[in-house]
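A look at the structure
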Amino acid sequence: MNSTFMKEKPVGPLLASMALPMVFSMLVNSLYNIVDSFFVAQISEQAMTALSLVYPVQNMINAVAIGFGIGINARVSYHLGAGDKKMADTAATHGFFLSVIHGILMTVISIAVMPVFLQMYTQDETVIRMGLEYSTIVFLFSTVITISLFFEKLFQAVGRMKVSMLALLVGCISNIILDPFLIWGIGFFPKLGIRGAALATGIGQVLTIAVYMVFYILKPIPVRVTPKALKTSKETDLSLYAIGVPAILNLALPSFLISFLNSVLAAYSDSYVVILGIYYKLQTFLYLPANGIIQGMRPLIGYNFGAREMKRVKKIFRLTLESSCVIMLFGTVICLLASGQLMGLFTTTPETIAAGSRALKIISAGFLVSAVSVTTSGAMEGLGKGTQSLVISLFRYVVVIMPTAYLLSRFMGPDGVWNAFWITEAFTAIVSVMVYHKTLKKA
């Protein structure tokens, strides 16, 4: 497929064709997150607590893989837009080998730190044991994750969104199917408990790579990973990290935030740690589909920026923002009307359901306005403006919410933490508008 379609097709249908496959796959991925947690919750509430405590480190690994992949995506689409296929191949090749190195390093580091990490948040020996059983298996697949996400961003950069969708669907659906078999030992499968949930996740990731490799070999894309493009290029590596590092930090900041909020909430009760973990599972149903639209936007906005089609850049951004707002509005309504039922999917404890229902209703007040910062941050990454994207995320995950949550919790208890979410989203939206206008003025 000739990549010039990214600057020739009408913006509306083009964005829809790029975004809808990713929105669908993100919805399935959201379903996987919910179902995976649902199955783990059937083991015990301690198992769900272990999963909640492991999540920040698990999210950190995904952040490194996705963030660096965003750097690859941005550089490849930019070079294609500028008509420089050689540099696109160089960016892809260097991106692949650096992704492998990242995966190996994260495997070693994450497994080594988990015992100490878990003990920072709980003294329950069963929770710690379950957390180590789950995390050790999951983290052994770190290199698989980085390779999988490399191919995801590479295929997206050239507009092959349907391949990306298919690969994600195969991984998520196989994970969902394997979960009950490996957790409870159905049929000839071994009964592995929480370790089974971790193994199902790893197998799903391997199958995702298998799909990408089939298409990469049988239906070649315009950009290739080739030994000829591997020769030393400091400029290429620096450009990948210039976008990738801020993107990694953007995605890693929620992990730091969750760990911080866990420490604040644990002072009141472990139930609030569970509630926060459940919230972050539920919110994937909103933010992953919104991220699907943003994934469709990134290569388009990067390609058109490289081709200096600034009117199209602005229109792509506006349509993406409007679409994200629709998703967030839907999420707000659902959380207000069915918060108790949503919490009941993960716990049967009446007190936890009641407290979690209240938390969801408070937090959901910030969903709609959060579309501004989420879309703007993604647009900055697509334009290759990693620093500007990082500024937005710092306000959203550190500068405002951490001190606000801590201070309000001193006066309002756990409710102070929940109110900090919508206060932060409103403030960050203002910052995002300022960053967006200033960036385009300089372009």
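Residues numbered from 1 in each chain as written. Predicted model: local features only at pLDDT ≥ 70, side-chain atom pairs only at ≥ 80, totals over all residues. Heavy atoms only, no water.

**A word on the overall build of the protein chain**
When its secondary structure is counted, the protein chain shows 17 helices and zero strands. The C-alpha radius of gyration of the protein chain comes to 21 Å, within 12% of the 22 Å expected for a compact globule of 443 residues. Along the first, second and third principal axes, the C-alpha set of the protein chain runs to 60 × 50 × 35 Å. Counting every position in the protein chain, which comprises 443 residues, the buried fraction comes to 61%. The long-range fraction of contacts in the protein chain, counting pairs at least 24 apart against all pairs at least 6 apart in sequence, stands at 82%. Accessible surface, the protein chain: about 17,600 Å² in total, of which carbon and sulfur atoms supply 70%. Averaging the coordinates of the 32 positive side-chain charges in the protein chain and doing the same for the 19 negative ones gives two points 13 Å apart. (Helix = DSSP H or I, 4+ residues; strand = E, 2+ residues; numbered from the N terminus. Rg over C-alpha atoms; globule rule 2.2 N^0.38 Å. Buried < 20%, exposed > 50% of the residue type's maximum accessible area, 1.4 Å probe, protein only. Contact = heavy atoms within 4.5 Å. Areas by Shrake-Rupley, 256 points an atom, 1.4 Å probe, with all protein chains shown as cover. Lys, Arg positive; Asp, Glu negative; His and termini not counted. Charge placed at Lys NZ, Arg CZ, Asp CG, Glu CD.)

**A short note on the environment of L329**
Take L329: it is sitting in helix α12 (residues 310-344). Counting along the chain gives 37 residues from L329 to G366, while the straight-line C-alpha distance between them is 9.9 Å.

**Notes on a nonpolar patch on the surface**
On the surface, I101, I104, L105, V108, I109 and V113 cluster together into a nonpolar patch covering about 550 Å² of accessible area. Tracing the backbone through its elements, the reader meets I104 in helix α4 (residues 85-119). (Patch = residues over 30% accessible without salt bridge, like charges linked within 9 Å, V, L, I, M, F, W, Y side chains within 5 Å. Salt bridge = Lys/Arg side-chain N within 4 Å of Asp/Glu carboxyl O.)

**Overview of empty space enclosed by the protein**
Left-over empty space is what a probe sized like a water molecule reveals as it rolls over the atoms. Scanning all chains against the criterion turns up three cavities of 30 Å³ or more. What the second largest cavity holds in volume is close to 60 Å³. In this structure, the second largest cavity is lined by S52, Y55, I258, N262, V273, L276, G277, Y280 and K281. Going through the elements one at a time, α3 (45-81), α9 (234-266) and α10 (270-282) are the ones with two or more residues in the lining of the second largest cavity. (1 Å grid on protein atoms, 1.4 Å probe; cavity = no way out; pocket = protein on both sides within 12 Å on 5 of 7 lines; lining within 4 Å. Points joined across faces, edges and corners; volume = space filled by probe spheres on them.)

**Topic: α4**
Between its first and last C-alpha atoms α4 spans 50 Å; for 35 residues at 1.5 Å apiece the expected length is 51 Å, and the two agree. In the structure, α4 departs most strongly from a straight axis at V113, where the bend amounts to approximately 40 degrees and where the proline P115 lies between one and four residues downstream. (Expected span 1.5 Å × (residues − 1). Bend = angle between axes of the 7 residues up to and from the residue.)

**Structural notes on the packing of α4 against helix α5 (residues 125-139)**
Their axes nearest at 10 Å, the elements α4 and α5 cross at an angle of 170 degrees. It follows from the interaxial angle that α4 and α5 lie roughly antiparallel. Each of T107, S110, I111, M114, P115, L118 and Q119 in α4 lies in contact with α5, whose residues at this interface are I128, G131, L132, S135, T136 and F139. Across the contact of α4 with α5, the residue classes tally to seven nonpolar, six polar and no charged. (Axes fitted to C-alpha atoms, helices over the stretch in contact; angles between N-to-C directions. Parallel < 35°, antiparallel > 145°, perpendicular 65-115°, else oblique. Nonpolar A, V, L, I, M, F, W, Y, C, P; charged D, E, K, R; others polar.)

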